[in-house]
Amino acid sequence: MTDRLTIRRPDDWHVHLRDGAMLAAVAPLTATRFARAIVMPNLVPPVTTTAEAIAYRERIRAAVPASARFTPLMTAYLTDHTDPADLAAGAAQGVFTAVKLYPAHATTNSAHGVTDVAKLDKVFAAMERAGLPLLVHGEVTRPSVDVFDRETLFIDEVLDGLVQRHPGLRLVLEHITTRRAADYVLAAPERVAATITPHHLVINRTDIFRGGLRPHLYCLPIAKREEDRIALRRVATSGNAKFFLGTDSAPHGVEAKECACGAAGIFNVGAAIEVYAQVFDEEGALDRLEAFASLNGPRFYRLPPNEERIVLVRAQQPAPEAVGAGPTRVRAFPETALAWRIEPAA
Ligand code: NCD
Ligand code: ZN
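Residues numbered from 1 in each chain as written. Chains lettered and ligands numbered in written order. Predicted model: local features only at pLDDT ≥ 70, side-chain atom pairs only at ≥ 80, totals over all residues. Heavy atoms only, no water.

Draft legend 1. Broad picture of the pattern of salt bridges. Applying the stated rule across the entire model yields 20 salt bridges. Across the pair Arg142 and Glu157 runs a salt bridge whose closest N-O atoms are separated by 2.9 Å. Of this pair, Arg142 sits in the loop between β6 (134–136) and α5 (150–165) while Glu157 sits in helix α5, and the two are 15 residues apart along the sequence. On the accessibility criterion, Glu157 (43% relative accessible area) is partly exposed. When the shortest N-O distance is used, the salt bridge between Glu227 and Arg179 registers 3.7 Å. (Salt bridge = Lys/Arg side-chain N within 4 Å of Asp/Glu carboxyl O. Helix = DSSP H or I, 4+ residues; strand = E, 2+ residues; numbered from the N terminus. Buried < 20%, exposed > 50% of the residue type's maximum accessible area, 1.4 Å probe, protein only.)

Structure below.
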């Protein structure tokens, strides 16, 4: 039995760092654990231009400890009015690493999102030329569609057409939650990949209601059936280079979660690597953790893997603690003890 594992330092290919006091509270956790992170642009208002991304990147750099070896990778929030020339300029200047597609009203802070992807062909063509990946929140948003069906319908109604129409577009289906999504990505061309969160590998939709309503397990896309969770575990631990780590850590203050209309988002960054390690251990796939956490992502993004290493040790650990204070107090996932810990660097 492996009790100790050395892997390259991981990157987080999907995280919400927020702004202001929340940014100050959560950014140090990401920066001390991950070497790089793809930072989501769904601020209020969203990060839509190169200039806004430069300014946000500065605020992130100011919020992380000076000693942290951490690089934030910025994304542009796609709207109906995105300027393809600005995206291309942002890519050329090394500001934008990717572009995020939120269907309008799909999730937290997505009111400015895209109403019809078919109208953005010029933008996608510019991204193909610039080599900018499109990161997709894959849910249809028609209120009549069952919330548990939104991802599978998105694949058929939107995603597949996008992949076909833009043969040079590299694309990540973010935070996949269904067997259908796992199968779609497996069968898709090489340029289509997916991120998988720790929580979707651990919980299913029944857990959200276990013994009562558990707002801290509510996120979007919402967790699906057990058979979906099993399919996600299978592809995540398979070693297939199309699947890589993205925590989707999405902090909301306790008051915003524990109320009559709770916000979607799970704050997991404090134990994400530990939870992934536990999942790979349970699946007998610890030898493939490094590929998922530290190699497949850089390969997709055409960046070098990190040279630094971390050491994971099998050891019982208490559940991660809440972070922040007052309105920025955030409860952490998971609420259960951990079976692995990261050994502090010597
Ligand atoms: C995210 C957030 O809070 O910004 N929420 C979530 O449930 N995942 C938005 C998102 O990634 O959908
Ligand atoms: Zn997200």
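Draft legend 2. Region of the structure containing the sheet that holds strand β3 (residues 36–39). In space, the eight strands of this open sheet follow the order β2-β3-β4-β5-β6-β7-β8-β9, with parallel pairing throughout. The open sheet has two edge strands, β2 (12–15) and β9 (243–245), and neither has a second partner. Mean inter-strand twist for the sheet, computed between neighbouring axes without regard to direction, equals 30°. Alignment of β6 against strand β7 (residues 171–173), held across three bridges, turns out to be parallel. (Pairing = 2+ DSSP bridges. Axes fitted to C-alpha atoms, helices over the stretch in contact; angles between N-to-C directions.)

Draft legend 3. Examining the packing of aromatic side chains more closely. As enumerated under the stated definition, the model contains eight aromatic pairs in all. Each ring, one from Tyr77 and one from Tyr102, has its centre 5.3 Å from the other, and the planes form 35°; the classification is tilted. One end of the pair, Tyr77, is in strand β4 (residues 71–77); the other, Tyr102, is in the loop between β5 (96–101) and α4 (121–130), with 25 residues separating them in the sequence. The pair formed by Tyr77 and Tyr102 is uniform in burial state, with each residue classed as buried. Each ring, one from Phe244 and one from Phe300, has its centre 5.8 Å from the other, and the planes form 35°; the classification is tilted. Of this pair, Phe244 sits in strand β9 while Phe300 is found in helix α11 (residues 289–301), placing the two residues 56 residues apart along the sequence. By relative accessible area, Phe244 is classed as buried at 0%. On the basis of relative accessibility, which here comes to 10%, the residue Phe300 falls in the buried class. Feature note: the residues Trp13, Phe244, Phe300 and Tyr301 constitute an aromatic cluster, connected by ring pairs. Sitting above the plane of the Phe300 ring, Arg170 keeps its charged end 5.1 Å from the centroid. Over the face of the ring belonging to Phe148 we find Arg205, whose NZ or CZ atom lies 4.5 Å from the ring centre. (Phe/Tyr/Trp six-rings, centres within 6.5 Å; stacked < 30°, edge-to-face > 60°. Lys NZ or Arg CZ within 6 Å of the ring centre and 35° of its normal.)

Everything listed here is a matter of coordinates, which is why it stays silent on function.
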